[in-house]
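# Secondary and tertiary structure notes
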Amino acid sequence: MNTNSASNNFDQRTVLTIYAHADDEVLPAAGTLSLMSKAGWNVRCLILTDGSLSSSPIKGTRHQEADAAGKIIGATYEFYALEEFNFSTQAVIKVTEEAIGRCQPDLIITHAPQPEKYGHRDHEVCAIAVSNVATRKNIPLWYSAPPVFLRGFEPNFFVDITSVIEEKVAAIGCYESESNKAFMQLDAILVLSRFWARELGQKDGYFEAFEISRQCVDASFFTAIANNHQAIKKS
């Protein structure tokens, strides 16, 4: 494992994203992660593979690209070297449990489960394994939208990323080695973000979509709502 990260500040809330490949984290969630970082969250991105099968023949390219994206969205990264197209659910479970022990996340975000005929084999294995651990440890879990083939994905949570859409585009743009892929193109990024806005009946703006698999809140959640309502009444 190669770790590029600062020490965790446990006074912060922490979101841990776990994805199969570097770029999987920014395509569906760069805007949301950027907003969370700006709000004081500790954003940690764990990448299972080292990018050895990426479009670039230069070793370490995907790591460098991820670090550049992390600077834009306010995230730190951990990189593993599981073999692409060949890692097991057991391997991902082990990695996930270790990461949870280090980071103590308040929220985990990962791939949405999809049948292999629609999605990517590595994404599916990652989703199954991470879901297993999050369920057993009772950690809130969100699934992010697949970049293509949305079959089976049923979002129930949407984030307005209009204020950081340029940051999302810039973060995705850091992955120059993957820029030949259709879903990495600017028009594809904007169209999908607008698609989620239209799903909500919004004429303008850009959104990211998630499916909440597990979510729990403590008493402070309701206190915050009550304080917000009081503030609105006074205004």
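These remarks concern the structure in this document. This is a predicted model, so every value here is computed, not measured.

This part covers the pairing of strand β2 (residues 14-19). In summary, the side chains of a regular strand alternate between the two faces of the sheet. Judged by how many residues are buried, β2 sits mostly within the fold: 6 of 6 residues are covered. Both faces of β2 are covered, namely the face carrying T14, L16 and I18 and the face carrying V15, T17 and Y19. Looking at chain direction, β2 and strand β3 (residues 42-47) are connected through 6 bridges and run parallel. If you follow T17 over to β3, its bridge partner there is C45. Taken together, the 4 bridges between β2 and strand β5 (residues 107-111) define a ladder with parallel strand orientation. Following the sheet pairing, T17 is matched in β5 by I109.

As a further point, take unusual backbone geometry. Located in the positive-phi region is N138, a residue other than glycine, with phi close to 55°. Among the secondary structure elements, N138 is positioned in the loop between α4 (121-137) and β6 (141-144). Judged by relative accessible area, N138 falls into the partly exposed class, the value being 46%. With a phi close to 50°, F149 is a non-glycine residue in the positive phi region. For F149, the location among the structural elements is in the loop between β6 and β7 (157-160). The partly exposed category is assigned to F149, whose relative accessible area is 46%.

Analysis parameters
Residues numbered from 1 in each chain as written. Predicted model: local features only at pLDDT ≥ 70, side-chain atom pairs only at ≥ 80, totals over all residues. Heavy atoms only, no water. Buried < 20%, exposed > 50% of the residue type's maximum accessible area, 1.4 Å probe, protein only. Helix = DSSP H or I, 4+ residues; strand = E, 2+ residues; numbered from the N terminus. Pairing = 2+ DSSP bridges.

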